[in-house]
Amino acid sequence: MRKRILFKIVAPFVVALGAASCEGDESNPCGGPTPEERARNQAVFDALAPSCQGCHVTGARGYFASIEAFESLVVYNPVEVVPGKPDESELIRLLEGKGTRAFKQMPIAGPPFAEIAASGSTKMTMAQIRAWVTNLESRSADPLPSLEARRITRLSAEDVGRALYQQLGLSDDDFYVAASSYDIPHKTSQNDDTYPFTSPDSVPGPYENLPVERFAALGGGSAPNQLKADGSVSPSFLGVITQVSQRWCALALDKTGNTALLPAGASVQTGSADAASVKAVVRAWYLHFHAVDATDADVDRVFSTVFVPLEMEKDARSAYIGTCSYFIRHPDWIFY
């Protein structure tokens, strides 16, 4: 665990040191497009966007999500554009209906871009786009990582649900019963006090809206609802993950025959008076939730600062619930 925390602290500093070694003037410190190049690229982007953004604004082929995406994925990608050689550039071949890969033209339906441009319906002619490629300067990829690039990734709402079901020994049967609406299968919540959450896109779909709202608060997206997934650590995410982790840990610990958290025969009534047994559980949970082989110091710290205070405030069962929730709300569980 300490190694992971060290990386999170040191990595940005190392990258910052590397960034300081970039050469170039103040407007172009790391070899990115000059203002003049950006203006020329932007003109081509604006000319192609009306024909291309319908299919290429999101996802793995989001070439037209932004001018930066266009430059990174198309303009300065030698697989798509060969600087100075329009006839060898797949982009030009696609626009002219002579593609050599899976697609023969762009856009894929109707006339290719070259014919649309010939009719005067575009902002730029093919001759101008060819001239742009002819005059395009080659550019090697920046060897330095972006300061804005993600170094760690937060679990998605789907990941949270799958992981908690598996690690807590829970399933849809602990939250929902079968239902239907106009003969369409649904699942309806047994009790919203258990804080169920589910994607509106799941099959069978949820009958109530509250589980869907929790899913959205955890950053979940939805194709039918046109809701984009949110991978940020938002206040709504933190609020819901706190509620869910506490309630679901309680469900898991109280579930008859469930050995996901406690070994068979163990009891949530075993408190700090039997410190060895509690510490054995804490050690197991480090491996279970964080995939970390905890040190004795790690185990002692969680026992003394998390379990014991919660037990003193209420009882041993509450201490187990709070400690289980602690492992789920910890950055080493939320991020990877």
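Where an unreviewed UniProt entry is consulted, the protein appears under the name Cytochrome c domain-containing protein, with the organism given as Polyangium mundeleinium.

Caption draft 1: Region of interest: the pattern of salt bridges. This structure, assessed with the given rule, holds 14 salt bridges. In this structure, arginine 101 and glutamate 80 form a salt bridge, with 2.8 Å as the shortest nitrogen-oxygen distance. Pair noted here: arginine 101 is in the loop between helix 4 (90-95) and helix 5 (113-118) and glutamate 80 is in the loop between helix 3 (67-75) and helix 4, with a separation of 21 residues, a long-range link. The class for arginine 101 is partly exposed, based on a relative accessible area of 37%. On the accessibility criterion, glutamate 80 (13% relative accessible area) is buried. Residues joined by salt bridges that share partners form a network here, namely Asp87, Glu96, Lys98 and Arg130.

Caption draft 2: Summary view of the sheet that holds strand 1 (residues 176-181). Sheet architecture is open: 3 strands sit in the order 1-2-3, paired in mixed fashion. Each having just a single partner strand, strand 1 and strand 3 (205-206) make up the two edges of the open sheet. Note that strand 2 (residues 184-189) and strand 3 share 2 bridges and pair parallel. The partner of histidine 186 across the bridge, within strand 3, is glycine 205.

Caption draft 3: Quick look at the layout of surface pockets. Estimated volume of the second largest pocket: approximately 550 Å³. Lining the second largest pocket are 22 residues, and of these His56, Tyr63, Leu94, Phe103 and Met106 sit closest to its centre. Contributions of two or more residues to the lining of the second largest pocket are made by helix 2 (35-52) and helix 4. The leading source of residues in the lining of the second largest pocket is helix 4, at 4 residues. Looking at the lining of the second largest pocket, its residues break down into 15 nonpolar, 3 polar and 4 charged.

Caption draft 4: Spotlight on the packing of aromatic side chains. Per the counting criterion, the structure on display carries 17 aromatic pairs. Between the aromatic rings of phenylalanine 64 and phenylalanine 70, the centroid separation amounts to 5.1 Å while the plane-to-plane angle is 35°, which identifies the pairing as tilted. We note that phenylalanine 64, like phenylalanine 70, is buried. Ring centres 6.3 Å apart and planes at 75° place the aromatic pair tryptophan 285 and tyrosine 320 in the edge-to-face group. Residue tryptophan 285 is located in helix 10 (residues 275-290), and its partner tyrosine 320 is located in helix 12 (residues 316-329); the two are separated by 35 residues in the primary sequence. Accessibility classification places tryptophan 285 together with tyrosine 320 in one group, the buried group.

Caption draft 5: Region of the structure containing the nonpolar core. Leu168, Trp285, Phe289, Tyr320, Ile328 and Trp333 are the most contacted members of the largest nonpolar core, which has 49 residues in total. The set of elements that each furnish at least two residues to this core consists of helix 7 (157-168), helix 8 (210-217), helix 9 (235-254), helix 10, helix 11 (296-313), helix 12 and helix 13 (331-334). Broken down by element, the residue count for this core peaks at 9 residues, all from helix 9. Apart from the residues lying within four places of it in its own chain, the contact partners of phenylalanine 289 are Gln167, Leu168, Leu261, Cys324, Phe327, Ile328 and Trp333. By size, the runner-up hydrophobic cluster in this structure holds 26 residues, among which are Phe64, Ala117, Met124 and Ile129.

What counts and how
Residues numbered from 1 in each chain as written. Predicted model: local features only at pLDDT ≥ 70, side-chain atom pairs only at ≥ 80, totals over all residues. Heavy atoms only, no water. Salt bridge = Lys/Arg side-chain N within 4 Å of Asp/Glu carboxyl O. Helix = DSSP H or I, 4+ residues; strand = E, 2+ residues; numbered from the N terminus. Buried < 20%, exposed > 50% of the residue type's maximum accessible area, 1.4 Å probe, protein only. Pairing = 2+ DSSP bridges. 1 Å grid on protein atoms, 1.4 Å probe; cavity = no way out; pocket = protein on both sides within 12 Å on 5 of 7 lines; lining within 4 Å. Points joined across faces, edges and corners; volume = space filled by probe spheres on them. Nonpolar A, V, L, I, M, F, W, Y, C, P; charged D, E, K, R; others polar. Phe/Tyr/Trp six-rings, centres within 6.5 Å; stacked < 30°, edge-to-face > 60°. Core = buried A, V, L, I, M, F, W, Y, C linked by side-chain atoms within 4.5 Å. Contact = heavy atoms within 4.5 Å.

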